[in-house]
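Remarks on the overall topology
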Amino acid sequence: MNGRLSAEAIEVGEVVDESIAAVGGTDLLRRAVTSPAARDQAGAVLEAIGVWDLAPLDDGIELEVAAAVSEAAGRHGLPYPVAERLVQGDGGASVLLARVPPRLGDHLDLDLKWTGLDLLGRSYRLTAIDPTPLGTRLAPFSISVHADLDGGRSPRRAALLVVLQSWFMLGLLDRALADTVQYTREREQFGRPLIRFQAVGFQLAEMRVAVRALREGSAYALWSVREDGEGLHALTEALGLRVAMVRAADEVMHRAHQLHGAMGFTDEVDVSWLSRASQTIRRLPEGEHATRGVLVDLIERTGWPEFGAVGPARDGAH
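Residues numbered from 1 in each chain as written. Predicted model: local features only at pLDDT ≥ 70, side-chain atom pairs only at ≥ 80, totals over all residues. Heavy atoms only, no water.

With respect to the overall build of the protein chain
Rules: A run of H or I in DSSP counts as a helix once it spans at least four residues, and a run of E counts as a strand once it spans at least two, with each numbered from the N terminus. The globule rule used for comparison is 2.2 Å times the number of residues to the exponent 0.38, while the radius of gyration itself is calculated over C-alpha atoms. Each residue gets one of three labels from its accessible area relative to the maximum for its type: buried under 20%, exposed over 50%, partly exposed in between, using a 1.4 Å probe on protein chains only. For this analysis, residues touch if any pair of their heavy atoms sits within 4.5 Å.
For the protein chain, the count of helices and strands is ten helices and seven strands. Taking 2.2 N^0.38 as the reference for a compact globule, 318 residues should give roughly 20 Å; the C-alpha atoms of the protein chain span a radius of gyration of 19 Å, in line with that estimate. The proportion of buried residues among the 318 residues of the protein chain is 53%. In the protein chain, the proportion of contacts linking residues at least 24 apart, taken out of those at least 6 apart, comes to 72%.

Here's the deal with the nonpolar core
Test applied: Definition used in this section: a nonpolar core is a set of buried Ala, Val, Leu, Ile, Met, Phe, Trp, Tyr and Cys residues joined via side-chain atoms within 4.5 Å.
Grouped together as the largest cluster of nonpolar side chains are 97 residues, with contacts concentrated most on Leu78, Leu86 and Leu173. No other element matches helix α6 (residues 155-186), which puts 17 residues into this core. In this structure leucine 78 touches Ile20, Leu28, Ala42, Leu46, Ala73 and Phe168, once residues within four positions along its chain are discounted.

Structural notes on the packing of helix α7 (residues 198-227) against helix α8 (residues 232-260)
The test is simple: Here an angle of 0 to 180 degrees is reported between the N-to-C directions of two axes, which are lines fitted to C-alpha atoms, with helices fitted over the stretch in contact. Convention used here: angles under 35 degrees read as roughly parallel, angles over 145 as roughly antiparallel, angles from 65 to 115 as roughly perpendicular, and any remaining angle as oblique. Throughout, a crossing is termed right-handed when the near helix is turned clockwise from the far one, and left-handed when it is turned anticlockwise from it by less than a right angle. When residues are sorted by character, Ala, Val, Leu, Ile, Met, Phe, Trp, Tyr, Cys and Pro go into the nonpolar class, Asp, Glu, Lys and Arg into the charged class, and all the rest, Gly among them, into the polar class.
One can describe the packing of α7 onto α8 by two numbers: an axis separation of 9 Å at closest approach and a directional angle of 160 degrees. With respect to α8, the element α7 is oriented roughly antiparallel. Taken as a pair, α7 and α8 cross one another with a handedness that is left-handed. For the contact of α7 with α8, the per-class residue count stands at 16 nonpolar, five polar and four charged.

A short note on the packing of α6 against helix α9 (residues 270-283)
To describe two helices that pack against each other, one gives the angle between their axes and the distance between the axes. Where α6 meets α9, the axes come as close as 10 Å, and the angle between the chain directions of the two elements is 155 degrees. Judged on the interaxial angle alone, α9 and α6 are roughly antiparallel. Like other packed secondary-structure pairs, α6 and α9 cross with a definite hand, here left-handed. Residues Gln165, Phe168, Met169, Leu172, Arg175, Ala176, Asp179 and Thr180 of α6 pack against Asp270, Val271, Leu274, Ala277, Ser278, Ile281 and Arg282 of α9. Residue classes in the contact of α6 with α9 are distributed as eight nonpolar, three polar and four charged.

A few points about a negative patch on the surface
Rules: Surface patches are defined over residues having more than 30% relative accessible area and no salt bridge, joining like charges when they lie within 9 Å and nonpolar side chains (Val, Leu, Ile, Met, Phe, Trp, Tyr) when within 5 Å. Residue-level accessible areas treat just the shown protein chains as cover; the underlying method is Shrake-Rupley with a 1.4 Å probe. Salt bridge, as used here: a side-chain nitrogen of Lys or Arg that lies within 4 Å of a carboxyl oxygen of Asp or Glu. The charge count includes Lys and Arg as positive and Asp and Glu as negative, but it does not include His or the ends of the chains. By convention, the charge on Lys lies at NZ, on Arg at CZ, on Asp at CG and on Glu at CD.
Taken together, the side chains of Glu8, Glu11, Glu14 and Glu18 present a region of like negative charge at the surface. We classify glutamate 18 as exposed; its relative accessible area is 57%.

Let's talk about α9
Turn by turn, an α-helix covers 3.6 residues, leaving residues three or four places apart pointing in a common direction. The line we're drawing: What a helix is expected to span follows from its residue count: subtract one and scale by 1.5 Å.
An ideal rise of 1.5 Å per residue puts 20 Å on 14 residues; α9 measures up with 21 Å between its terminal C-alpha atoms. Counted residue by residue, α9 has twelve buried out of 14 residues, so it is predominantly covered. Those residues of α9 that sit buried are Val271, Ser272, Trp273, Leu274, Ser275, Arg276, Ala277, Ser278, Gln279, Thr280, Ile281 and Arg282. Buried-residue contacts for α9 involve α2 (27-34), α4 (60-74), β2 (103-106), β5 (142-153), α6 and α8.

Topic: the layout of surface pockets
Keep this limit in mind: With a 1 Å grid spanning the protein atoms alone, the term cavity applies to any set of points in which a 1.4 Å probe fits but cannot get out, the term pocket to an open set with protein on both sides within 12 Å along at least five of seven lines, and the term lining residue to any residue with an atom within 4 Å of a point. Grid points are joined across faces, edges and corners, and a volume is the space filled by probe spheres set on the points.
By volume, the largest pocket amounts to about 470 Å³. The wall of the largest pocket is formed by 30 residues, among which Asp106, His107, Ala277, Thr280 and Ile281 lie closest to the centre. Broken down by secondary-structure element, the contributors of at least two residues to the lining of the largest pocket are α2, α5 (82-88), β1 (92-96), β2, α6 and α9. In terms of residue count, α9 provides more of the lining of the largest pocket than any other element does, five residues in total. In terms of residue class, the lining of the largest pocket is made up of 20 nonpolar, six polar and four charged.

As for the environment of tyrosine 124
We count it as follows: Polar contacts, as used here, are pairs of N or O atoms within 3.5 Å; protein pairs need one atom able to donate a hydrogen and one able to accept it. Residues neighboring in sequence count only if both atoms are side-chain atoms.
Within the secondary structure, tyrosine 124 sits in strand β4 (residues 122-129). By relative accessible area, which is 3% here, tyrosine 124 ends up buried. Considering only alpha carbons, one finds tyrosine 124 and serine 94, 30 residues apart in sequence, at a separation of 9.7 Å. When near neighbours in sequence (up to four residues on either side) are disregarded, tyrosine 124 contacts Leu97, Arg99, Arg103, Thr115, Gly116, Leu117, Asp118, Ala147, Asp148, Leu149 and Asp150. Here the side chain of tyrosine 124 touches aspartate 118 through a polar contact of 2.8 Å, side chain to side chain.

Brief notes about the packing of aromatic side chains
To describe a pair of aromatic rings, you give the distance between the ring centres and the angle between the ring planes. Cut-off, in case you're wondering: Working definition: rings of Phe, Tyr and Trp (its six-membered ring) pair if their centres are within 6.5 Å, and the pair is stacked with planes under 30 degrees apart, edge-to-face with planes over 60 apart, and tilted otherwise. Should the NZ of a Lys or the CZ of an Arg lie within 6 Å of a ring centre and within 35 degrees of the ring normal, that charge is described as sitting over the ring.
According to the stated counting rule, one finds two aromatic pairs in the structure shown. With a centroid separation of 5.8 Å and an interplanar angle of 35 degrees, the aromatic rings of tryptophan 52 and tyrosine 80 are classed as tilted. Of this pair, tryptophan 52 sits in the loop between α3 (38-49) and α4 while tyrosine 80 sits in the loop between α4 and α5, and the two are 28 residues apart along the sequence. Residue classification places tyrosine 80 among the buried positions, given a relative accessible area of 9%. A cation over a ring is seen here: arginine 85 above tryptophan 52, with NZ or CZ 4.3 Å from the ring centre. Sitting over the face of the ring of phenylalanine 197, arginine 192 holds its NZ or CZ atom 4.1 Å from the ring centroid.

Here's what the structure looks like:
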């Protein structure tokens, strides 16, 4: 397994990053909260690049490109269902749903052909969506949804959706870390920059370790999706990644707020908006505790694959 994305994927990610920055970056999120129609602009930016033509489950390079696109979008907290559209394709989107009601999903009011998946890979038919987003500070785009099992099962698609959401979160946390480093360099206390205080340096180091660990885990889970044609073992790896992602987000955002002080909770600071943008991914469809329960259940039924030996393609795959 190569922990780095391909050169093609990195290049596309850079184009996506620059394109989002050119239309406002994190300001798109600010605008979308007060004017939800601004989300269409976010989708149009990616459409102009040809992102929605990707077929990540069919091609290894396109799978890596999808991860790079998700990371670039996360770096700006892009208010759009990027991972959800990349997974489904053909003008559709898949939303992760809780296994039991009540169920919420982000951006379900957008004009896309929505389907539902839970963390076990079971698919749902969405029958009655309340078109009004909650509009709360932590869930501005969440929609209450009614869903019925349709008998389908797609563990590989569910695994990919979980993994791409983690790549989105990776970009978001990496940006939060960079902004915090910059703030501690510029902010002075007792006549010297905050970053020169030992305690601050320790906290930044902990943030960096959490981001680096999440990157390694995300790369491995992405590889698992590529190698496992059936998807059951890949889903196990993806759920383990999701638990790690939630913990990394808690760690990084807590320290980012702490080091920004009161400024970290104001609308003027991007870290505050990135923190809000991370909330629904961390909490929906299941929080850390519930995700652990799903993971344990899946391991009991399918086992835990050996490291580097995922799915039927493991022999000679390296």
